Amino acid sequence: MKSINTMYINGEFVTPHGTTTFDLINPVNNQKTGEAVLGDEIDTQNAITAAKEAFKTFSKTTKQERITYLEKLLVVISKREKDLTDIMVEEYGGTFQFCSMVTQNMINDINAMIDTLKDFDFEQTTGNSKVFLQSVGVVGIIIPWNMSNGFIVTKLSTAIAAGCTSVVKPSEMSTQQTQIMAECFHEAGLPKGVINFVNGLGDIVGAEITRNPDVSKIAFTGSTVVGKMIAKGAVDTMKRVTLELGGKSPNIILDDANLEEAVPTAIFAAYLNSGQACAAATRLLVPVSKLDEVNAIAKATVQNMKVGNPKDADTVVGPMVSKKQYERVLDYIRIGQKEGAVLLTGGTDKPEGLEEGNFVKATIFTNVNNNMRIAREEIFGPVLCIIPYNDEKHAVAIANDTDYGLAAYVSSGNKERAYRVASQIDAGRICINGISHDSKTPFGGFKQSGIGREYGVFGLEEYLEPKAILE
Ligand code: NAD
């Protein structure tokens, strides 16, 4: 049985003050594999105090010193790449394909932040005045389970670049991944108190971070509901907030796209992280004239796609993280059926041979109306909605008819046309002809998908407070 019974505070792995335990459950078979001890308010306050103390000197470090710390971190993370990937697969059932990509992106993200920092000027001139970009203070980092260490690396490398110190509260379902990440930060030799990790529940550890007056900013990734609670709580002490929230991203296939390429790519984009991804392309918008052809390619693609053990290199869809998440996805499939959407493939039965785990069949609804709940609400599982449109204008209208605005996708045989359509969509990131990630390009949401941006200069500025000095 595994035991996670320390947390990383003030440069040491310490025994938590909290005593509540949390069962570690393998999502592949729902067997208990161990226990984690969760932190409480006292643990959180200890971590914040350590970060506050460390801020006094860390905020005064030079750009070169911060670059050196990030370079050391890069070496350690690269060395632990396999461990970091394997523990993701094991802990939440992320597919090996997805988790390998995430660890590779961690390395790219640190490299990109080093480059950004090299080129960034903390003293700027506007008009006749000087503007100093000052570290915002202690940052509370609250993140979800679905790509935990990826979020930690993005946010902490930005915080380090900005001269901020941090307290990280990962999901209670990510304690094993957090343990390895904390070891990486420890080995990178950052001064004590600069980075602290407190495992625990949202309404205990997360709530303390939200109300504590010594925290100046919260960088949150998670659901829109919790993001709103945090923003409301944070305003009492006027904390800065960045919120990376949910999505219901549209993927427009234009009538000149090569369907044999665009449809399988669209399915891959919808089932990213087994559908448990904020940027998953869960609404596939296709010309009504091509609906039958799209349906046929989509069905064939899913039939040849593996749902199964996440450790297998060819698995595209692994288990849902928990029984609760599994039930939630099944509920949405039932809702879709009741709403009258056509079930093209998948459904509520467990895939054969995978009865023990939280596996859901790769599911596609077609002829979906954008007003249906399955087209409006974030399902967070392998459920794709195919929505027919009449013309380009109609496609853009459907794409924008959503509460969210995190990501979008456009496929076309004509790049200029794709750009023209992309420019009309209200979303923070829009990919043309496929899925891509760029570690220097802003990521974040319009509308209910959040506030603020991460990555590159846009991300760095979110951890800095401009101070103008006028003569
Ligand atoms: P969640 O919102 O339930 O939890 C996120 C974090 O908030 C967890 O650490 C949780 O413990 C904490 N939390 C819960 N209640 C809290 C409270 N009262 N005060 C402070 N903290 C609290 O999200 P989840 O279920 O872990 O993750 C899935 C959600 O995350 C989805 O909605 C998904 O779209 C979103 N997400 C967004 C992005 C993005 O970049 N936009 C990326 C990944 C996931």
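Residues numbered from 1 in each chain as written. Predicted model: local features only at pLDDT ≥ 70, side-chain atom pairs only at ≥ 80, totals over all residues. Heavy atoms only, no water.

> Describe the overall build of the protein chain, and please don't skip the residues or the numbers.
A count of helices and strands for the protein chain gives 15 helices and 23 strands. For the protein chain, whose C-alpha radius of gyration is 22 Å, the value lies close to the compact-globule estimate of 23 Å for 471 residues. A principal-axis box enclosing the C-alpha atoms of the protein chain has dimensions of 65 × 60 × 40 Å. A total of 471 residues make up the protein chain; the buried ones form 59% of that total. Across the protein chain, every contact between residues at least 6 apart in sequence was considered, and the portion connecting residues at least 24 apart equals 73%. Just so you have it, the protein chain exposes about 19,000 Å², and 51% of that area is on carbon and sulfur atoms. Looking at the protein chain, you have 46 positive and 56 negative side-chain charges, and the mean spots of the two groups are 3 Å apart. (Helix = DSSP H or I, 4+ residues; strand = E, 2+ residues; numbered from the N terminus. Rg over C-alpha atoms; globule rule 2.2 N^0.38 Å. Buried < 20%, exposed > 50% of the residue type's maximum accessible area, 1.4 Å probe, protein only. Contact = heavy atoms within 4.5 Å. Areas by Shrake-Rupley, 256 points an atom, 1.4 Å probe, with all protein chains shown as cover. Lys, Arg positive; Asp, Glu negative; His and termini not counted. Charge placed at Lys NZ, Arg CZ, Asp CG, Glu CD.)

> A description of the packing of helix α3 (residues 81-92) against helix α4 (residues 96-119) should follow, citing residues and the corresponding values.
The interhelical angle for the contact between α3 and α4, taken along N-to-C directions, is 140 degrees, at an axis separation of 9 Å. If you check the angle between α3 and α4, you find them oblique. Crossing of α3 over α4 shows right-handed handedness. The segment α3 lies against α4, with Glu81, Leu84, Thr85, Met88, Val89 and Tyr92 engaging Phe96, Phe98, Cys99, Ser100, Val102, Thr103, Gln104, Met106 and Ile107. Grouping the constituent residues of the contact of α3 with α4 by class yields 10 nonpolar, 4 polar and 1 charged. (Axes fitted to C-alpha atoms, helices over the stretch in contact; angles between N-to-C directions. Parallel < 35°, antiparallel > 145°, perpendicular 65-115°, else oblique. Left-handed = near helix turned anticlockwise from the far one by under 90°. Nonpolar A, V, L, I, M, F, W, Y, C, P; charged D, E, K, R; others polar.)

> So what's going on with the domain arrangement of the protein chain? Which residues, and what values?
Size of an interface, as often reported, equals the accessible area lost when the parts are brought together. In terms of domains, the protein chain is made up of domain 1 (2-245 + 447-469) and domain 2 (250-432). Every contact between the two is made by 23 residues of domain 1 and, on the other side, 35 residues of domain 2. In total, about 2,400 Å² of surface goes out of reach between domain 1 and domain 2, with carbon and sulfur atoms giving 57% of it. At the surface where domain 1 touches domain 2, the tally comes to 0 salt bridges. Mapped by element, the contributors of at least two residues to the side of domain 1 that touches domain 2 are α3 and α4. (Domains from an automatic or database assignment. Buried area = accessible area lost by both parts, 1.4 Å probe. Salt bridge = Lys/Arg side-chain N within 4 Å of Asp/Glu carboxyl O.)

> How would you sum up unusual backbone geometry? Please name residues and give values.
Peptide bonds are trans in most cases, and residues, glycine excluded, mostly fall at negative phi. Phi angles above zero are rare outside glycine, and Met238 is one such case at about 55 degrees. Its place among the elements puts Met238 in the loop between α8 (224-234) and β12 (240-244). Note on Met238: relative accessible area 54%, which makes it exposed.

> Describe empty space enclosed by the protein, and please don't skip the residues or the numbers.
Space left empty within the atom packing is revealed by a probe, the size of a water molecule, rolled over the atoms. The tally for this structure, following the rule as stated, stands at 6 cavities of 30 Å³ or more. Considered as a void within the structure, the largest cavity measures approximately 50 Å³ in volume. A per-class count over the lining of the largest cavity returns 7 nonpolar, 5 polar and 2 charged. (1 Å grid on protein atoms, 1.4 Å probe; cavity = no way out; pocket = protein on both sides within 12 Å on 5 of 7 lines; lining within 4 Å. Points joined across faces, edges and corners; volume = space filled by probe spheres on them.)

> Residues and numbers for the environment of Phe98, please.
You can see Phe98 is positioned in helix α4. On the accessibility criterion, Phe98 (7% relative accessible area) is buried. The residues touching Phe98, leaving out its near neighbours within four places in the chain, are Tyr92, Asn146, Met147, Leu272 and Asn273.

> Explain the sheet that holds strand β17 (residues 342-345) to me, and be specific about the residues and the numbers.
Across the sheet, 7 strands lie side by side as β17-β18-β19-β14-β13-β20-β21; this open sheet has mixed pairing. Edge positions in the sheet fall to β17 and β21 (429-432), since each has one partner strand and no second. Strand-to-strand twist across the sheet, computed as the mean angle between neighbouring axes with direction ignored, equals 25 degrees. Two strands pair when backbone bridges link them, and strand β20 (residues 407-411) and β21 are joined in this way by 4 bridges, in the parallel orientation. Considered in β21, the bridge of Ala408 is made with Ile430. (Pairing = 2+ DSSP bridges.)

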